[in-house]
Amino acid sequence: MTAPVFVVDTVPVGGEFVLDGAEGRHAVSVKRLRPDEQVTLTDGAGNRADAVVLSAEGKDRLTVRITGYASEDEPAVRITVVQALPKGDRGEVAVETMTETGVDAIVPWQAARCITQWKGERGAKSLAKWRSTARESGKQSRRVRFPEVREALTTKQVAALLAEADLAVVLHEDPEVASAALATAELPAHGEIVLVVGPEGGVSPEELATFAEAGARPHRLGTSVLRTSTAGTVASAVLMSRTGRWS
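All figures in this text were calculated on a predicted structure; none of them were measured in a lab. (Residues numbered from 1 in each chain as written. Predicted model: local features only at pLDDT ≥ 70, side-chain atom pairs only at ≥ 80, totals over all residues. Heavy atoms only, no water.)

1. A closer look at the environment of Trp246
Put simply, the rule reads: Secondary structure is summarised from DSSP: a helix means a run of H or I of at least four residues, a strand means a run of E of at least two, and numbering begins at the N terminus for each. Contacts are assigned to residue pairs with any non-hydrogen atoms lying within 4.5 Å of each other.
Within the element layout of this structure, Trp246 appears in the segment after helix 6 (228–242). Ignoring any residue separated from it by four or fewer positions in sequence, one finds Trp246 in contact with Thr101, Ala237, Met240 and Ser241.

Following this line, the structure appears as structure tokens:
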């Protein structure tokens, strides 16, 4: 089994290190780590240190010895998913599974047909939940570079993001609208792919037109219609495989 991952502000490059606070408590009281077990420390930005446990003290103090340090390069092809706001807790489900899949950035989108509205304090709390979910899912999936969860964007702002992408894709289930399949789309060898996932009610014709002006083409995944909370994960898996990031 791979070593559990814990998040630190600054990754140590050598010597001994004390993991305390919430992460130390999780290591000692929840994971119940003991001397000679392996752990990984990361800042979530690509830096990692491998370490071996020396001692566990109290309920929240783990002392480790650093055995190795590395910095993970940015991928040649970055994948950003623009996720329309789903109902209920499906937003956290989408963030969790997309993080596990390996996406590099997640952008909440207040689409025209979204039932959920992120406004004021509610919006701030929802964004915080998405970011916390990405962090915890990043740890669980043993990532050392966690996805960035950005501020929610409007349709106009999403269009600006699409215009800067090396490949801009809007997922659509209707083959008359999306004649191209994501599985056969021509992908860039370097740069950024931006993938738009619409809400439960779908991407509106006006939004499709706006995104088309920005250079985004509609693509389909298959014959079945996926939920908004799963479509981004499935599409990301297709892209991960085709860009070689899963090879």
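2. Some thoughts on the pattern of salt bridges
Keep this limit in mind: Throughout this description, the term salt bridge denotes a Lys or Arg side-chain nitrogen within 4 Å of a carboxyl oxygen of Asp or Glu. Note on classification: 1.4 Å probe, protein chains only; a residue is buried when its accessible area is under 20% of the maximum for its type, exposed when over 50%, partly exposed between these limits.
Counted by the stated rule, this structure contains 13 salt bridges. Among the ionic pairs, Arg61 bridges to Glu57, the shortest N-O distance being 3.4 Å. On the basis of relative accessible area, Glu57 is assigned to the partly exposed category, the value being 39%. Residues joined in a network through salt bridges with shared partners are Glu23, Arg135, Glu136 and Lys139.

3. As for helix 2 (residues 90–101)
The test is simple: One less than the number of residues in a helix, times 1.5 Å, gives the span that helix is expected to have. The arc in question is the one spanned by the directions pointing from the helix axis to the C-beta atoms.
Across its 12 residues, helix 2 extends 16 Å between first and last C-alpha, which sits within 8% of the 16 Å expected from 1.5 Å per residue. All of the buried residues along helix 2 are Gly91, Ala94, Val95, Met98, Thr99 and Thr101. The arc that holds every buried residue of helix 2, seen down its axis, measures 155°, which confines them to one face. In the core, the buried residues of helix 2 are packed alongside strand 6 (77–84), strand 7 (105–109), helix 3 (120–140) and helix 6.

4. Remarks on the sheet that holds strand 3 (residues 38–42)
Note the cut-off: One bridge is not enough; two strands pair if DSSP finds at least two bridges between them. Axes, fitted as lines to C-alpha atoms, cover a helix only where it is in contact. Angles between the N-to-C directions of the axes lie from 0 to 180 degrees.
In spatial order, the strands read 1-3-4-5-2; together these five strands make up an open sheet with mixed pairing. Unpaired on one side and paired on the other, strand 1 (5–7) and strand 2 (16–19) mark the two borders of the sheet. Adjacent strand axes in the sheet meet at a mean angle of 40° when their direction is disregarded. In the sheet, strand 1 pairs with strand 3 via three bridges, with the strands oriented parallel. Within strand 3, the position partnered with Val5 by the bridge is Thr40.

5. Concerning the nonpolar core
Stated formally: In plain words, nonpolar cores are sets of buried Ala, Val, Leu, Ile, Met, Phe, Trp, Tyr and Cys residues tied together by side-chain atoms within 4.5 Å.
If you look at the biggest cluster of nonpolar residues, it comprises 48 residues, and the most contacted ones within it are Val82, Trp109, Val158, Leu162, Leu171, Val196 and Phe211. Discounting chain neighbours no more than four positions away, the residues touching Val82 are Val107, Trp109, Val158, Leu161, Val194, Leu195, Val196 and Val197. If you look at the next biggest cluster of nonpolar residues, it comprises 15 residues, including Leu33, Ala49, Ala51 and Leu62.

6. Some remarks on the domain arrangement of the chain
How big an interface is tends to be stated in terms of accessible area lost as the parts join. Definition in use: These domain limits were set by an automatic method or by a database of domain assignments. Computed with a 1.4 Å rolling probe, the buried area is the accessible surface lost when two parts are put together, summed over both parts. What qualifies as a polar contact is a pair of N or O atoms within 3.5 Å, subject to a donor-acceptor requirement within protein and to the restriction that residues adjacent in sequence count only when both atoms come from side chains. Each residue is assigned to one of three groups, with Ala, Val, Leu, Ile, Met, Phe, Trp, Tyr, Cys and Pro labelled nonpolar, Asp, Glu, Lys and Arg labelled charged, and all others, Gly among them, labelled polar.
By the assigned domains, the chain splits into domain 1 (5–71) and domain 2 (77–241). Taking only C-alpha atoms, the centre of domain 1 and the centre of domain 2 are 33 Å apart. Contact with domain 1, which involves 11 residues of that partner, is made by seven residues of domain 2. Together domain 1 and domain 2 conceal approximately 800 Å² of surface at their shared face, both sides included; 56% is due to carbon and sulfur atoms. Counting across the domain 1 and domain 2 interface gives two salt bridges. Where domain 1 touches domain 2, the interface holds six residue pairs in polar contact (both at pLDDT 80 or more). Counting residues per element, the ones that place at least two in the side of domain 1 that touches domain 2 are strand 1, strand 3 and strand 4 (47–57). Considered class by class, the residues forming the side of domain 1 that touches domain 2 number three nonpolar, five polar and three charged.

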